[in-house]
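Chain by chain, the residues:
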Amino acid sequence: MSAPHPGRLLRTAAGIELGSFIVLLVNLATVHLASISSLAGPVHGCAYLFTLVAVARDPRRTPPTTALALLPGIGGVLALRGLTRSDAPVPAG
């Protein structure tokens, strides 16, 4: 069995990071249940750390994409967007 593609792992971690961040914010703004916070908080923290490490280890990283990854919640998605843009061919001319 082959190892998963690193971009797929980063995409998954960034999605989980964003989703868990939204759950935490909605919970905070509405009912503020401790059980939701105690579940979504560690999930968000793990996904955030995984995203940071994945971006730091990506060979396509640049200082701006690394800095974007530091933003909690949306940073992983923004960094992933920056990394995929760096894959695009440079136009000639």
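All values derive from a computational prediction rather than experimental measurement.

J.: I'd like a description of the overall build of the protein, backed by residues and values.
T.: If you tally the helices and strands in the protein, you get four helices and zero strands. Listing the helices and strands of the protein from first to last along the sequence gives α-α-α-α. Residue pairs at least 24 apart in sequence account for 56% of intrachain contacts in the protein once pairs closer than 6 positions are excluded. As displayed, the protein offers around 6,200 Å² of accessible surface, 73% of which is attributable to carbon and sulfur atoms.

J.: Break down the nonpolar core for me, with residues and values.
T.: Core analysis: the biggest nonpolar cluster contains nine residues, these being Leu 10, Tyr 48, Leu 52, Ala 54, Val 55, Ala 69, Ala 79, Leu 80 and Leu 83. Of all the secondary structure elements, the ones that give two or more residues to this core are helix H2 (34–57) and helix H4 (75–85). With four residues, H2 is the largest single contributor of residues to this core. Contact partners of Leu 80, with chain neighbours within four places excluded, come to Gly 7, Leu 10 and Arg 11.

J.: Describe in detail the side chain of Thr 51, supporting the description with residues and values.
T.: Structurally, Thr 51 is set in helix H2. Filtering out sequence-adjacent residues up to four positions away, Thr 51 remains in contact with Leu 10, Ala 13, Ala 14, Glu 17 and Gly 76.

J.: Go over H4, please, and point to the residues and values.
T.: Turning to H4, its buried residues number three or more, namely Gly 75, Gly 76, Ala 79, Leu 80 and Leu 83. Burial along H4 is one-sided: seen end-on, the buried residues are contained in an arc of 130°.

J.: Which residues make up a nonpolar patch on the surface, and what are the values?
T.: Together, Ile 16, Leu 39 and Val 43 give the surface a local cluster of nonpolar side chains, amounting to about 270 Å² of exposed area. Looking at Ile 16, the relative accessible area reads 41%, which means it is partly exposed.

J.: Give me the lowdown on the environment of Val 53, citing residues and values where you can.
T.: Considering the arrangement of structural elements, one finds Val 53 in helix H2. By relative accessible area, Val 53 is classed as partly exposed at 48%.

J.: Lay out the side chain of Glu 17 in plain terms, naming residues and giving numbers.
T.: Structurally, Glu 17 can be placed in helix H1 (residues 6–29). We note that Glu 17 is buried and unpaired, the nearest opposite charge coming from Arg 11 at a distance of 13 Å. If near-sequence neighbours (up to four positions away) are discounted, Glu 17 is found in contact with His 44, Ala 47, Tyr 48, Thr 51, Leu 71, Pro 72, Gly 73 and Gly 76.

J.: Quick rundown of unusual backbone geometry? Include the residues and the values.
T.: At His 32, a position not held by glycine, the phi torsion is positive, near 50°. Looking at the secondary structure, you find His 32 in the loop between H1 and H2.

J.: Provide a residue-level description of the confidence of the model for the protein, including the pertinent values.
T.: In the predicted model, the protein carries a mean pLDDT of 88, and 85% of its residues have values of at least 70. Least confident of the elements in the protein is H4, whose mean pLDDT is 90; most confident is H2, at 95.

Conventions we followed
As a convention, each chain's residues are numbered from 1 in the sequence order in which they are written. In keeping with the predicted nature of the model, local features appear solely for residues at pLDDT of at least 70, side-chain atom pairs appear and are counted solely at 80 or more, and the whole-chain, interface and lining totals rest on all residues. As a convention, hydrogens and water are excluded, and side-chain values are obtained from all of the structure's heavy atoms. Helix numbers and strand numbers start at the N terminus; a helix is a DSSP run of H or I with at least 4 residues, a strand a run of E with at least 2. Contact criterion: two residues are considered in contact whenever any of their non-hydrogen atoms come within 4.5 Å of each other. The Shrake-Rupley method, run with a 1.4 Å probe, gives the accessible areas here. Residue values count only the displayed protein chains as cover. Buried residues of nine kinds, namely Ala, Val, Leu, Ile, Met, Phe, Trp, Tyr and Cys, make up a nonpolar core once their side-chain atoms join them within 4.5 Å. Exposure classes here rest on a 1.4 Å probe applied to the protein chains alone. A residue is buried below 20% of its type maximum, exposed above 50%, and partly exposed in between. Starting at the helix axis, one direction is taken to each C-beta atom, and the arc is that of these directions. Patches here: salt-bridge-free residues with over 30% relative accessible area, like charges joined within 9 Å, nonpolar side chains (Val, Leu, Ile, Met, Phe, Trp, Tyr) joined within 5 Å. Salt bridges are counted wherever a side-chain nitrogen of Lys or Arg sits within 4 Å of a carboxyl oxygen of Asp or Glu. Neither His nor the chain ends contribute to the count of charged residues, in which Lys and Arg are positive and Asp and Glu negative. Residue-level confidence of the predictor is what pLDDT reports, using numbers from 0 through 100.

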